[in-house]
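Geometric and topological summary
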Amino acid sequence: MPNLREPGAMHQRIVQFLTPAPDSAAARAMQRGKSPWTDAVHLLWSAWVFVVPVWNDDGWSTRWVVTTLVSYPLFLMLYYRCITGPRAQVRAGALALVLLSMSLLPWYPSGLTYFIYGCVMLCTSAGRFRTYLGWLAGLNVVLLAETSLLGYPWQAVFSIPLTSFIIGIIIKAEHASEEKDAQLRLSHEEVRRLAATAERERIGRDLHDLLGHTLSLITLKLELSRKLFDRDHAAARREVEEAEKVARHALAEVRSAVSGIHATDLAAELASARLLLESSGVCMEYEPPPSDLPEDTERGLSLVLREAATNVARHAAASCAKVDFVREPASVRMRIHDNGRGGIGGDGNGLRGMRERVRSLGGTLEISSPLRGGTTLLVVAPLPVLRLVATSPQGIDGVAAAAQGGHSAA
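Below you will find a few notes about this structure.

This part covers the overall build of the protein chain. Secondary structure summary: the protein chain contains 14 helices and five strands in total. The buried share of the protein chain, taken over its 410 residues, is 35%. In the protein chain, the share of contacts with a sequence separation of at least 24, taken over all contacts with a separation of at least 6, comes to 67%. Only carbon and sulfur atoms are counted for the fraction: they give 61% of the accessible area of the protein chain, which is about 25200 Å².

Further remarks concern the packing of aromatic side chains. All told, the structure shown has seven aromatic pairs when counted by the stated rule. Both rings, one in F50 and one in W64, keep their centres 6.0 Å apart while their planes meet at 75°; by these two values the pair is edge-to-face. Of the two residues, F50 sits in helix α3 (residues 48-51) while W64 sits in helix α4 (residues 62-84), which places them 14 residues apart along the sequence. Residue class for F50 comes out partly exposed when judged on its relative accessible area of 36%. Aromatic ring contacts, followed pair by pair, group F50, W64, Y72, F75, Y79, Y114 and Y117 into a single cluster.

Moving on, we come to the sheet that holds strand β5 (residues 375-382). Spatial strand order, β1-β2-β3-β5-β4: five strands in an open sheet with mixed pairing. Both outer strands of the open sheet, β1 (283-286) and β4 (364-368), are each paired with one neighbouring strand and no more. Mean inter-strand twist for the sheet, computed between neighbouring axes without regard to direction, equals 10°. Where strand β3 (residues 331-338) and β5 come together, eight bridges link them in antiparallel fashion. Across the sheet, residue H337 finds its bridge partner in β5, namely T376. Together, β1 and β2 (320-327) form the strand contacts of helix α11 (residues 266-279), whose direction differs from that of β1 by roughly 160°. Sheet strands touched by helix α13 (residues 349-360): β4 and β5. Its angle to β4, the strand with the most contacts, is close to 145°.

Below, the discussion takes up the pattern of salt bridges. Evaluated as defined, the whole model comprises nine salt bridges. Residue E241 is joined to R237 by a salt bridge in which the shortest nitrogen-to-oxygen separation is 3.3 Å. Remark: R237 and E241 occur in helix α10 (residues 233-259); sequence separation between them is four residues, near one turn of the helix. Here the salt bridges share partners, and the residues they tie into one network are K221, E239 and E242.

Glancing now at α11. Here α11 contains 14 residues, and its C-alpha end-to-end distance of 20 Å stays within 8% of the 20 Å for a straight helix at 1.5 Å per residue. All buried positions along α11 are accounted for by L266, E269, L270, S272, A273, L275, L277 and S279. Remark: G281 follows α11 within two positions and exhibits a positive phi of approximately 80°.

Next up on the list: the environment of R327. Turning to its location among the elements, R327 is positioned in strand β2. Here R327 falls in the partly exposed class, since its relative accessible area comes to 37%. It is 9.6 Å that separates the C-alpha atoms of R327 and L383, two residues lying 56 residues apart in sequence.

A cluster of nonpolar residues, W45, W48, F50, V51, V54, W55 and W60, forms a patch on the protein surface that exposes about 800 Å² of accessible area. Topologically, W45 is positioned in the loop between α2 (25-31) and α3.

Time to look at the nonpolar core. By size, the foremost hydrophobic cluster in this structure holds 36 residues, and its most contacted members are F75, Y114, F115, M121 and L143. At the level of elements, α4, α5 (87-104), α6 (112-121), α7 (129-149) and α9 (159-228) are the ones that each hand at least two residues to this core. When residues in this core are grouped by element, the largest group, eight residues, is from α6. Counting 29 residues, the second largest nonpolar core, distinct from the first, contains L270, I336, L351 and L383.

Next up on the list: the packing of α11 against helix α12 (residues 295-316). Axis separation between α11 and α12 bottoms out at 9 Å; the angle between their running directions is 5°. As summarised for this structure, α11 and α12 are arranged roughly parallel, according to the angle between their axes. Contacts from L266, E269, L270, A273, L276 and L277 of α11 reach α12 at E298, L301, S302, L305, R306, A309, T310, V312 and A313. Its residues assigned to classes, the contact of α11 with α12 shows 10 nonpolar, two polar and three charged.

This brings us to unusual backbone geometry. The backbone of A317 shows a phi angle near 55°, a positive value even though the residue is not glycine. Structurally, A317 can be placed in the loop between α12 and β2. Residues other than glycine seldom take positive phi values, yet R372 does so here, at roughly 60°. By secondary structure assignment, the location of R372 is in the loop between β4 and β5. We classify R372 as exposed; its relative accessible area is 71%.

The sheet contact formed by β1 and β2 spans four bridges and is parallel. Following the sheet pairing, M284 is matched in β2 by A321. After leaving β1, the chain enters α12 and then returns to the sheet as β2, a path that is left-handed.

The contact between α4 and α5 brings their axes to 9 Å, and the two run at 165°. Of the possible angle classes, the one that applies to α4 and α5 is roughly antiparallel. For the element pair α4 and α5, the recorded crossing hand is left-handed. Here T67, S71, L74, F75, L78, R81 and C82 of α4 come into contact with α5, specifically with Q89, V90, G93, A94, A96, L97, L100 and L104. A class-by-class count of the residues in the contact of α4 with α5 yields 10 nonpolar, four polar and one charged.

Reading the values: the criteria
Residues numbered from 1 in each chain as written. Predicted model: local features only at pLDDT ≥ 70, side-chain atom pairs only at ≥ 80, totals over all residues. Heavy atoms only, no water. Helix = DSSP H or I, 4+ residues; strand = E, 2+ residues; numbered from the N terminus. Buried < 20%, exposed > 50% of the residue type's maximum accessible area, 1.4 Å probe, protein only. Contact = heavy atoms within 4.5 Å. Areas by Shrake-Rupley, 256 points an atom, 1.4 Å probe, with all protein chains shown as cover. Phe/Tyr/Trp six-rings, centres within 6.5 Å; stacked < 30°, edge-to-face > 60°. Pairing = 2+ DSSP bridges. Axes fitted to C-alpha atoms, helices over the stretch in contact; angles between N-to-C directions. Salt bridge = Lys/Arg side-chain N within 4 Å of Asp/Glu carboxyl O. Expected span 1.5 Å × (residues − 1). Patch = residues over 30% accessible without salt bridge, like charges linked within 9 Å, V, L, I, M, F, W, Y side chains within 5 Å. Core = buried A, V, L, I, M, F, W, Y, C linked by side-chain atoms within 4.5 Å. Parallel < 35°, antiparallel > 145°, perpendicular 65-115°, else oblique. Nonpolar A, V, L, I, M, F, W, Y, C, P; charged D, E, K, R; others polar. Right-handed = clockwise from strand over helix to strand, strands pointing away. Left-handed = near helix turned anticlockwise from the far one by under 90°.

Laid out in structure tokens, this is it:
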């Protein structure tokens, strides 16, 4: 064990005390992108410690000053420990605040403020809501019994149980909402992780199927050409030429496969956008996308949808969003609508990026965003049109004959 008398060991213990535990309230706030000092604003309520003497006959007496100088730093330390300590230790810190309050009540009415803080801090470790209500009821019964025995006027303590229940229930509801949001974020991350894993497995299978047989064939032909080199130069040359053709064909297939690696599945992106918006309190409805879109078009629409969903979650202040598609012979339309604040005056980085992606597809992007009327994005992307070379039976037969002749010549 380290010697606490050594300066290094003492410094290590202080740093360990000040560092938030991974499962503490401060650490969870940092994971949500908030400052670890966010909960420090609740310390403003401790001003009641200094206000209570207004209603006492003794006022700010010497005893009150001495008791405050001793108890208030202890209160701050226990509060800090409840915010930064491991979740399993929060109950002990909260009950310590309650015990501090009750031990000071015989001569220090300001200690009632510490009791409320103890009840509120208990909500992070009391588990289920009913369990927390049971703790609140039990602690307030003990408090009322003690203040009654000490001769406190009922007007002085009437508001304490009411305040502890109201604030405690509000904080408990906020924690439950934060935990639900965290679960939704985990679900969103899990969807992306599973999609990435499935994509890696697909790439591995495609490369194995694509290159395994081809490389084996090239190896066999090169071995055969090496054996024929001294006996039949013409046959060896043919084998090398065939190996070259196989290699070139394999290279073309690899390039085609690599170009589709970054293609994003539009249906998966819709599911991901729904998780993102629902974690932000936005209900999203969508129709299944067309199933016969070219890879480039599907990838472009997916990236536009991702950026649009991010903008709705961050800036729109919407409660509902909807995505629908219209498949036409020569184009596909994607419409994204939300009922948020609207009023988009100019293109930010997100809208400029969406316009560039739509422009690369040869399409158009229209935005309608009246103030307090929501925002509608309409993306129109062209699709390749299959054209018939001939419409008469003779023409079709002629095309078929030409194709057959080409195969025969090959």
